[in-house]
Amino acid sequence: MQSLRWVQLPRDEIDSVLGTGGVGVLSFATDAGKPPFSIPVSYGFYPEDDSFYFHLAFPQDDSTKAELLTNPVTFVVYTHPEEGWRSVVASGTLEEIDEAPYESMAVQAMWGVEIPEVEVFERPRDEITFRDFRLVPDRLTGRKEIETEG
């Protein structure tokens, strides 16, 4: 009989799962007793310094995200190829880079990633404020499914 369990992903497989960008779920810590505030987002990943980049939308009628920007975050990417699931979890705090100088490492790295654009709003993009953020994780881990004989 076969059973499933998970093992830690080695670093090269973490980089493979993340690629240079894709989609994942960004969760902001909230007050004790309340669930985290989680949103699906597009991201870019720069492996040279383990940085994730986000181009986050701030619709005028939604202030929740803006209120939580300084709280700790967790970012999760999940794939399910034929050989079994893989996930990567990064945690830390977001750093806004809109005001960073053009020559800064953060801005230069953001130019080196590809953040997929996804249209999910019911109004034109020019009516929505976007801000750029970087996450250099305090912790970056990955797991994958393996089959075992049992």
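All of the points below concern the structure found in this document. None of the values given here were measured: they were computed from a predicted structure.

### Topic: the environment of Leu-140
- Mapping Leu-140 onto the fold places it in strand S9 (residues 139-149).
- C-alpha of Leu-140 to C-alpha of Ser-91: the two residues are 49 residues apart in sequence and 6.7 Å apart in space.
- The contacts of Leu-140, once residues within four sequence positions are left out, are Arg-11, Ile-14, Asp-50, Phe-52, Val-88, Val-89 and Ala-90.

### Considering the packing of aromatic side chains
- Here the structure, examined in full by the defined rule, presents six aromatic pairs.
- Taken together, a centroid distance of 6.2 Å and an interplanar angle of 45° make the contact between Phe-28 and Phe-37 tilted.
- Pairing Phe-54 with Phe-75 gives two aromatic rings, centres 5.0 Å apart and planes at 75°, and the pair type is edge-to-face. A residue pair is termed long-range when its members are at least 10 positions apart, and Phe-54 in strand S4 (residues 51-58) and Phe-75 in strand S5 (residues 73-79) qualify at 21 residues.
- Connected via pairs of aromatic rings, a cluster forms that spans Tyr-43, Phe-45, Phe-52, Phe-54 and Phe-75.
- The ring of Trp-6 is capped by Arg-143, whose NZ or CZ atom sits 3.6 Å from the centre of that ring.

The rules behind the values
Residues numbered from 1 in each chain as written. Predicted model: local features only at pLDDT ≥ 70, side-chain atom pairs only at ≥ 80, totals over all residues. Heavy atoms only, no water. Helix = DSSP H or I, 4+ residues; strand = E, 2+ residues; numbered from the N terminus. Contact = heavy atoms within 4.5 Å. Phe/Tyr/Trp six-rings, centres within 6.5 Å; stacked < 30°, edge-to-face > 60°. Lys NZ or Arg CZ within 6 Å of the ring centre and 35° of its normal.

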